[in-house]
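This is what each chain is made of:
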Amino acid sequence: MRSLIDIHNFSVEELDSLIAVAKDIMESPDKYAEMCKGRKLATLFFEPSTRTRLSFEAAMLELGGSVIGFSEASSSSAAKGESVADTAKIITSYADIMVMRHPREGAPLVASQNAGIPVINAGDGGHAHPTQTLADLLTISVEQGRLSNMTVGFCGDLKYGRTVHSLIAALARYKGIRLVLISPPELKIPSYVKYEIIDKYGMEYREVTSLEEALPLLDVLYMTRIQRERFADPNEYERLKDCYVLTEDKMTLLKTTGSVLHPLPRVNEISVKVDKDPRAAYFRQALYGKYMRMALILKLLDEAKDKNDTRRIRADAGLGLVCNNPSCITRCEQELENLFTVTDAEAGIARCVFCEAKQYFKKTI
Amino acid sequence: MRSLIDIHNFSVEELDSLIAVAKDIMESPDKYAEMCKGRKLATLFFEPSTRTRLSFEAAMLELGGSVIGFSEASSSSAAKGESVADTAKIITSYADIMVMRHPREGAPLVASQNAGIPVINAGDGGHAHPTQTLADLLTISVEQGRLSNMTVGFCGDLKYGRTVHSLIAALARYKGIRLVLISPPELKIPSYVKYEIIDKYGMEYREVTSLEEALPLLDVLYMTRIQRERFADPNEYERLKDCYVLTEDKMTLLKTTGSVLHPLPRVNEISVKVDKDPRAAYFRQALYGKYMRMALILKLLDEAKDKNDTRRIRADAGLGLVCNNPSCITRCEQELENLFTVTDAEAGIARCVFCEAKQYFKKTI
Amino acid sequence: MRSLIDIHNFSVEELDSLIAVAKDIMESPDKYAEMCKGRKLATLFFEPSTRTRLSFEAAMLELGGSVIGFSEASSSSAAKGESVADTAKIITSYADIMVMRHPREGAPLVASQNAGIPVINAGDGGHAHPTQTLADLLTISVEQGRLSNMTVGFCGDLKYGRTVHSLIAALARYKGIRLVLISPPELKIPSYVKYEIIDKYGMEYREVTSLEEALPLLDVLYMTRIQRERFADPNEYERLKDCYVLTEDKMTLLKTTGSVLHPLPRVNEISVKVDKDPRAAYFRQALYGKYMRMALILKLLDEAKDKNDTRRIRADAGLGLVCNNPSCITRCEQELENLFTVTDAEAGIARCVFCEAKQYFKKTI
């Protein structure tokens, strides 16, 4: 059974094919209006995320299917202590495909290992949110006409921004992407993203602190929010915050062919006055997200017909490690074995299969 | 884009036409069963209101459409600080029409100014709840066979009762309506309703404190609940409350052709024993509300086809006022300009465009 | 109007007919895919129960119908003090059939007396949950090929286990059922179940404390959870709890043709390792539950066509009793008369019609 837990589950060819289908849906929605007739999507939101949930529900309805589910954990069996694995097994009886949002990192992976239907990760703690990345890719593709040979700026909180790391990882597999990483020193991109993605794929990049300095260079500007809580010194936050707010004035520095993206919700990091600018793509991005989710649902339901697909978790045995990430699903799920994969044998680094937290192991040889 | 924010958005002709369509749906529901096939209604309930929400959902389903949405704010992006304007823009990507209930007065108006789809106000704080008024009008029309030349009594809390003020405003535009306003002195109709509606339209009215005295005069009795919290002196509440409870005994005083309405939920202001009386129309009123909402959805979706309709908010510039109603949406919505219209130039009175709160301005000439 | 409030509302013939329809749906789902087209199910969950709710929703969707409703009381009018009777009357305007879960015992019965559409009890406090019993019956019938002449073991909390009492009551009406009641002394089956069901129907039974001793005797093992809170002495709980956990080891004692059932959610009373055993029927039980609910919805909608069916509550007048069960709906519902039926005239025992709580009355003769 094929699922989407992490953007890496799909090859570049698969991403391109999803983008092509999404564009075809945008052009000829009527062709798709009955494709999921009689099929059911289960939306299992163990924590609320209205925009993501409604996007999936709209996607399934526009394919002619229907929706069941819950929008927060208090309405769910989790409150009675049911494991994610059991929930996944039971939902298999009620739906044809499920979407899961969960505060525990790795929960959708556990679900996919137990469900008899495809599972889509709609956000698991700070770990992954691959359908946001799919929406981002389609947005760039439509707005810029290509996914290669361009300069993409990421602005704001690059340290904790899950969507930023994930989009960089997806873009790494396209050609000629140059990155401009715009943030205060406190919120610079983590070194593992640099080493394991940017350096590994040989992406060209520069780090700057000034949004105004970066703007003239960019084809795409990906904005994110800077949260006060991230700063040890509140004065430092006050000093910096306005530098990272996109205003009409700063927009004059962006190319006329540029595009501004934002995963939303926005608070005040983009002035409402920018909304009218044709380069402001962030509300269209929400629309593209719906079409990309439609393409994804179609792909996974189609592949689910192949009952012989028995992909399993790849893990290295015998490491004897226990995940030390307090948000990992292994910390609370009943009878769930710890699994790790060695990512750097030299340095003795392994990563938890569920949450991807890094751990050192004692090399035996 | 045409929306329904306040009952005044519709002319008497439009109200009559909605009533006619609702009656036709009641007679020939099958004719309408597929009219909204492939269309989606978004129900955005920032505060819970089960009856209103289910009425809209049933309405859309009986038109062959489908529904997405949320039933309380904790499940919504508002918890993450998203503005009403941004929510409206995003929902435009997911649905064809939206219904909004919001604790902030003016929020649905802000939504309608930002959405690319029609917006229906399903209650914004103490301000307006126009679809209740539509249900009330259809109820009177069906039960009494007309909407003019009759005596309508309003009983209970006439001071705070939003549905009372709104129905009086709607009836004011029909001919020969006589009002009997039945309440304790503490809960009399506010003077602005008297001056700006009753007097302005020259409605005949009388104010009484005794329900029993009023009953023989009435064609329609509109009951509302009296809440203990409204009384400074709890003894006064205890002394009064039974006078305003409708019992089987009191029903003997009402004409045999009379009708009893209530916006529901009822607590104990109408005895359960009255339910069996054929003149008790309050449960049928809920049913009529569904048909009226079906007619409304059809009308707004139909008008939405006309993309050239660019009605905007009418406001008087240059007053330099800031709304002082603490529940007004202008108090919390990001970058929302204060707008006022002058309602009495002589007296220097203007009203906030969003919540209709009154404010005095300094006359410049 | 026919409703399902308690499993006793159906005769054995009706149960057998429901089982036959459910099996036919399992074999030929396409035949049923449009049977409820244009019909609406209202799911009124005054307390959350995700599995039950989603099972009903999936059932209605697979019949081609649609669903409205709420998943917890905070979203409902109950928060505004509306009575169950009024809610039932209003929902009659919005849906064709309703499912109710309510913390108050007897609430669905009150609803069924006021609604103009069929009501299904999806759990009312500790009182009844008949559709779980329907699921259990279909599971036994499919997995064992019959519903008579077999030994059924019930393990765990037999004192408070609502599903246990209800399934015993249903099985009592089939032939040749032998019971093995497996529990710690603290959680033995209540004496009223022994007297009023087991003895009354002359069922053969034995009570044991050891699961291992019982296992070789059983065709069906019905597992339930033992909750720590049920024990006065926590040490006693610690000493006992492992005895009632079903492990791979203990499974070797069960017949190869045996079946293990569990109403779910499971916490740890069945090891996850047992899931792979083909005799583990508890996840299939969830699937059977959906088919049984489909059969039930069809039956009740079909019988609802007969408007002349005017079954009323059977009660004995003149007992002058007031129900003393603090969870009974009579304790809070507005203007609801207490009703009792005499169940043992000799001993002067009556039972509340709503919650079935036992009460002694003074014999007049």
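In what follows, the structure referred to is the one given above.
Residues numbered from 1 in each chain as written. Chains lettered and ligands numbered in written order. Predicted model: local features only at pLDDT ≥ 70, side-chain atom pairs only at ≥ 80, totals over all residues.

Enquirer: I'd like a rundown of the overall build of chain A, residues and numbers included.
Expert: Looking only at helices and strands, chain A has twelve helices and twelve strands in total. For the C-alpha atoms alone, the extent of chain A along its principal axes is close to 60 × 55 × 40 Å. A separation of at least 24 residues holds for 75% of the contacts in chain A among residues at least 6 apart in sequence. (Helix = DSSP H or I, 4+ residues; strand = E, 2+ residues; numbered from the N terminus. Contact = placed C-beta atoms within 7 Å.)

Enquirer: Got a sec to walk through the relation of the copies chain A and chain C? Specific residues and values, please.
Expert: Mapping chain A onto chain C calls for a rotation angle of 120 degrees and an axial translation of 0.1 Å; the resulting RMSD is 0.0 Å. Those values place the two copies in the arrangement expected of a three-fold rotation axis. By C-alpha distance to the rotation axis, the residue of chain A lying nearest is A:S66, at 5.1 Å. (Least-squares fit on C-alpha atoms with pLDDT ≥ 70 in both.)

Enquirer: Please provide a residue-by-residue account of the packing of helix α1 (residues 12-27) of chain A against helix α12 (residues 282-304) of chain A, values included.
Expert: The axes of two packed helices give the description: the angle between them and the distance between them. Residue and element names in this part refer to chain A. The geometry of α1 relative to α12 is characterised by a closest axis approach of 8 Å and an angle of 115 degrees between their N-to-C directions. The way α1 lies across α12 gives a crossing that is right-handed. Of α12, the residues touching α1 (which contributes L18, V21, A22, I25 and M26) are Y291, M292, M294, A295, L296, L298 and K299. Considering only residue class, the contact of α1 with α12 consists of eleven nonpolar, no polar and one charged. (Axes fitted to C-alpha atoms, helices over the stretch in contact; angles between N-to-C directions. Left-handed = near helix turned anticlockwise from the far one by under 90°. Nonpolar A, V, L, I, M, F, W, Y, C, P; charged D, E, K, R; others polar.)

Enquirer: Got a sec to walk through the interface of chain A and chain C? Specific residues and values, please.
Expert: With 21 residues of chain A at the contact, the number on the chain C side is 21 residues. Mapped onto the side of chain A that touches chain C, the elements with two or more residues apiece are β2 (66-70) and α4 (84-91) of chain A. Residues belonging to the side of chain A that touches chain C are distributed by class as follows: six nonpolar, nine polar and six charged.

Enquirer: I'd like a description of the interface of chain A and chain B, backed by residues and values.
Expert: With 21 residues of chain A in contact, the opposing surface of chain B contributes 21 residues. Where the side of chain A that touches chain B is concerned, the elements lending two or more residues are α3 (50-62) and α12 of chain A. Broken down by element, the side of chain A that touches chain B gets its largest block of residues, seven residues, from α3(A). The class makeup of the residues in the side of chain A that touches chain B is twelve nonpolar, four polar and five charged.

Enquirer: Break down the sheet that holds strand β11 (residues 349-352) of chain C for me, citing the residues and quoting the values.
Expert: Residues and elements named next belong to chain C. Taken in spatial order, the three strands make up an open sheet running β10-β11-β12, and their pairing is antiparallel. The outermost strands of the open sheet, each flanked by one partner alone, are β10 (340-344) and β12 (358-360). When strand polarity is set aside, the average angle formed by the axes of neighbouring strands in this sheet is 40 degrees. Bridge count between β10 and β11: four bridges; the pairing is antiparallel. Along β11, the bridge assignment pairs F340 with C352. (Pairing = 2+ DSSP bridges.)

Keep in mind these values describe shape, not function.
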